[in-house]
There are 2 protein chains.
Amino acid sequence: MSAGKTSSPPSVAQSTSGQIHDLLMGRIQRGELGQDVRLVDTAVAAEFGVSRMPARDALMRLAHEGYLEPTTRGFMLPRLDHQEILEIFDLRRLLEPRAAAMAALNLSDEELKALDDIQAEAHAAMAAEDIERLHRACEIFRNSWIASVPNVSLRKALQRYMTQVQAVRLMTFADQANHPLIVAGNTQLYQAFCRRDAVAAGDRILRFVFEGEAAYLQAHEEIRNQTATSSAQAG
Amino acid sequence: MSAGKTSSPPSVAQSTSGQIHDLLMGRIQRGELGQDVRLVDTAVAAEFGVSRMPARDALMRLAHEGYLEPTTRGFMLPRLDHQEILEIFDLRRLLEPRAAAMAALNLSDEELKALDDIQAEAHAAMAAEDIERLHRACEIFRNSWIASVPNVSLRKALQRYMTQVQAVRLMTFADQANHPLIVAGNTQLYQAFCRRDAVAAGDRILRFVFEGEAAYLQAHEEIRNQTATSSAQAG
DNA sequence: GTGGAATTATTCGTATACAGTTTTTCAGAT
DNA sequence: ATCTGAAAAACTGTATACGAATAATTCCAC
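Colleague: I'm lost on the protein's contact with DNA strand C in this one. Help?
Modeller: Not every one of the 16 residues close to DNA strand C is listed here, only the nearest: Ser15, Thr16, Ser17, Val50 and Ser51 of chain B. Secondary-structure elements contributing two or more residues to the surface near DNA strand C are α2 (41–48) of chain A together with α1 (16–29) and α3 (52–64) of chain B. A per-element tally of the surface near DNA strand C places α3 of chain B first, with 4 residues. Here the residues of the surface near DNA strand C are counted per class, giving 4 nonpolar, 7 polar and 5 charged.

This is how it looks when you write it as structure tokens:
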């Protein structure tokens with residue numbers, strides 16, 4: 001019971017608005033929306049060949065879930081505030097070690113096999129220096145083990161800041177030096193899962209969050225310097 | 001900044017649907033809705049003198065926020081599953097110690113004064129053996145310190161299972177033996193806040209959650225026994 | 001050319017209407 | 001009295017329409 005109600009694998013949605021919601025969320029999660037795209041209900045409705053109401057419902061729901069930000073003129077991707085990102089790292093340190101520990105005790109052999117496959121895909125993507133592909137693989141890896149966290153409330157709490165995690169990851173992925181760290185970290189996490197080692201899994205994910213924060217801070221610093229330089233040139 | 005966007009103090013809502021949402025959430029949080037009440041959009045719309053749409057928006061939003069459960073015939077309070085309640089205790093143990101620690105460092109003198117006042121109210125309610133009043137006071141106490149948690153994401157995560165906390169508390173409040181424990185616990189928490197003692201506040205809230213779980217388990221056991229007895233009598 | 005006011009175009013929120021579905025009710029047969 | 005089936009009622013989801021608010025644009029004075 002209660003497996004079909006969570007949102008990450010967009011299971012068969014019943015209503016039109018539900019389908020639009022899932023489709024748009026998929027686009028958001030795959031990063032198919034530019035930072036400047038404005039989603040307007042009439043346009044979405046026209047694209048899906050329905051009236052405004054289902055489109056509007058879907059957009060408002062995505063906004064309330066935190067995936068979009070309502071503006072006076074359409075819905076946009078939420079602008080990532082530096083402070084908020086740091087807060088989410090804090091939240092992740094509280095939740096994810098326990099989640100990973102629970103997953104370690106709960107992953108089925110099939111799910112472990114799937115994790116192994118997607119890790120191979122990540123390795124291949126890294127070898128090919130295909131950032132987009134690597135990003136997708138990491139997303140799938142993360143979604144996969146989170147899906148097997150048995151505590152539903154905890155799982156939902158994790159999924160709520162999923163988009164922020166991905167956006168931050170996309171920033172840090174720009175620096176290729178981070179790629180081996182990320183893939184190696186996932187491998188260690190996978191190995192801990194295989195050993196059913198809840199402690200190691202929790203420790204590993206905690207280190208992961210710290211490393212992610214460090215990478216983010218570095219990327220943030222670089223961007224800040226660039227901005228300062230260019231504005232100095234302009235002024 | 002960022003003080004007017006959260007939901008716990010229902011600041012002036014802009015749209016009709018927002019107002020209805022806040023009003024209904026207030027009723028839910030104050031426990032004014034019976035477990036068998038079915039909220040139907042047409043009825044809500046008629047009550048507020050508007051069309052179905054704003055009422056429907058408000059109800060669906062409440063449902064997505066977890067405060068209501070959509071059924072084939074109207075919206076109802078979510079049925080609390082035993083397993084789910086235990087999971088939320090688990091989640092609370094992860095989040096609330098850190099939240100209380102942050103609150104201890106962040107509460108203003110005015111907010112501390114407000115906590116003191118509401119604690120006096122709780123004492124009075126306990127002396128008068130007024131369960132309803134005590135429940136309200138505890139709710140205000142909790143909402144007050146949570147409101148001063150600076151980490152917005154963490155605060156939202158806490159507020160998300162607010163109704164579950166209250167429902168469980170309402171169960172455990174039936175046993176008057178729990179009342180002194182609860183009020184004393186809040187007093188200790190308040191004192192830790194006053195001393196700006198983040199560690200003590202975190203420890204205290206952690207013990208609180210454990211005590212709450214124990215009280216819930218006991219109440220649950222008693223109800224189970226009663227049910228077993230009555231069904232044995234019936235069968 | 002530029003600043004500002006008036007106009008136009010979008011977009012949002014709500015109202016009303018209609019079709020499909022599910023539950024309930026009620027009549028009739030056993 | 002109870003079961004069965006059809007009709008009625010209730011509820012949901014979606015479509016269309018309209019007024020209000022706000023951003024974008026044009027136009028005019030300087």
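Colleague: Sorry if this is basic, but what is going on with the protein's contact with DNA strand D here?
Modeller: Of all residues adjacent to DNA strand D, which total 15 residues, the nearest are Ser15, Thr16, Ser17, Val50 and Ser51 of chain A. Sorting the residues of the surface near DNA strand D by element identifies α1 (16–29) and α3 (52–64) of chain A together with α2 (41–48) of chain B as the ones contributing at least two each. Counting residues per element, the surface near DNA strand D draws most heavily on α3 of chain A, which supplies 3 residues. Taken together, the residues that form the surface near DNA strand D break down as 4 nonpolar, 7 polar and 4 charged.

Colleague: Explain the interface of chain A and chain B here, please?
Modeller: One widely used convention gives an interface's size as the accessible area the parts lose upon coming together. Counting residues at the interface gives 16 residues for chain A, matched by 16 residues for chain B. Within the residue set of the side of chain A that touches chain B, elements represented by two or more residues are α3, α4 (82–106) and α7 (152–160) of chain A. Broken down by element, the side of chain A that touches chain B gets its largest block of residues, 8 residues, from α4 of chain A. Of the residues that constitute the side of chain A that touches chain B, the class distribution is 8 nonpolar, 3 polar and 5 charged.

Colleague: Teacher, can you tell me more about the relation of the copies chain A and chain B here?
Modeller: Superposition of the two copies of the chain requires a rotation about an axis together with a shift along that axis. Superposition record for chain A on chain B: RMSD 0.1 Å, screw rotation 180°, translation along axis 0.0 Å. Both copies are brought into coincidence by an operation consistent with a two-fold rotation axis. Across chain A, the smallest distance between a C-alpha and the rotation axis is recorded for Leu94 of chain A, namely 3.0 Å. Interface residue correspondence from chain A to chain B reaches 100%, placing this contact among same-surface, isologous pairings.

Colleague: Looking at this structure, how should I read the nonpolar core?
Modeller: Side chains that are nonpolar tend, in soluble globular proteins, to be buried together. Core analysis: the biggest nonpolar cluster contains 79 residues, and Ala103, Phe193 and Ala201 of chain A together with Ala103, Phe193 and Ala201 of chain B have the highest contact counts within it. Residues in contact with Phe193 of chain A, not counting those within four places in the same chain, are Ala103, Ala104, Leu107, Leu112, Leu115, Trp145 and Ala201 of chain A. One finds Leu39, Ala58, Leu59 and Leu68 of chain A within the second-largest nonpolar core, a separate group that totals 15 residues.

Colleague: Is there a simple way to think about helix α6 (residues 131–147) of chain B in this case?
Modeller: In an α-helix there are 3.6 residues to a turn, and that puts residues three or four apart on one side. Residue and element names in this part refer to chain B. The end-to-end C-alpha distance of α6, which contains 17 residues, comes to 24 Å, matching closely the 24 Å that a straight helix rising 1.5 Å per residue would cover. Buried residues of α6: Leu134, Ala137, Cys138, Phe141, Arg142 and Trp145, and no others. Seen from one end, α6 has its buried residues packed into an arc of 130°, which puts them on one side.

The rules we used
- Residues numbered from 1 in each chain as written.
- Chains lettered and ligands numbered in written order.
- Predicted model: local features only at pLDDT ≥ 70, side-chain atom pairs only at ≥ 80, totals over all residues.
- Near = placed C-beta within 6 Å.
- Helix = DSSP H or I, 4+ residues; strand = E, 2+ residues; numbered from the N terminus.
- Nonpolar A, V, L, I, M, F, W, Y, C, P; charged D, E, K, R; others polar.
- Contact = placed C-beta atoms within 7 Å.
- Least-squares fit on C-alpha atoms with pLDDT ≥ 70 in both.
- Core = buried A, V, L, I, M, F, W, Y, C linked by C-beta atoms within 7 Å.
- Buried ≥ 20, exposed ≤ 12 C-beta atoms within 10 Å, placed from the backbone.
- Expected span 1.5 Å × (residues − 1).
- Arc of directions from axis to C-beta.

Keep in mind these values describe shape, not function.
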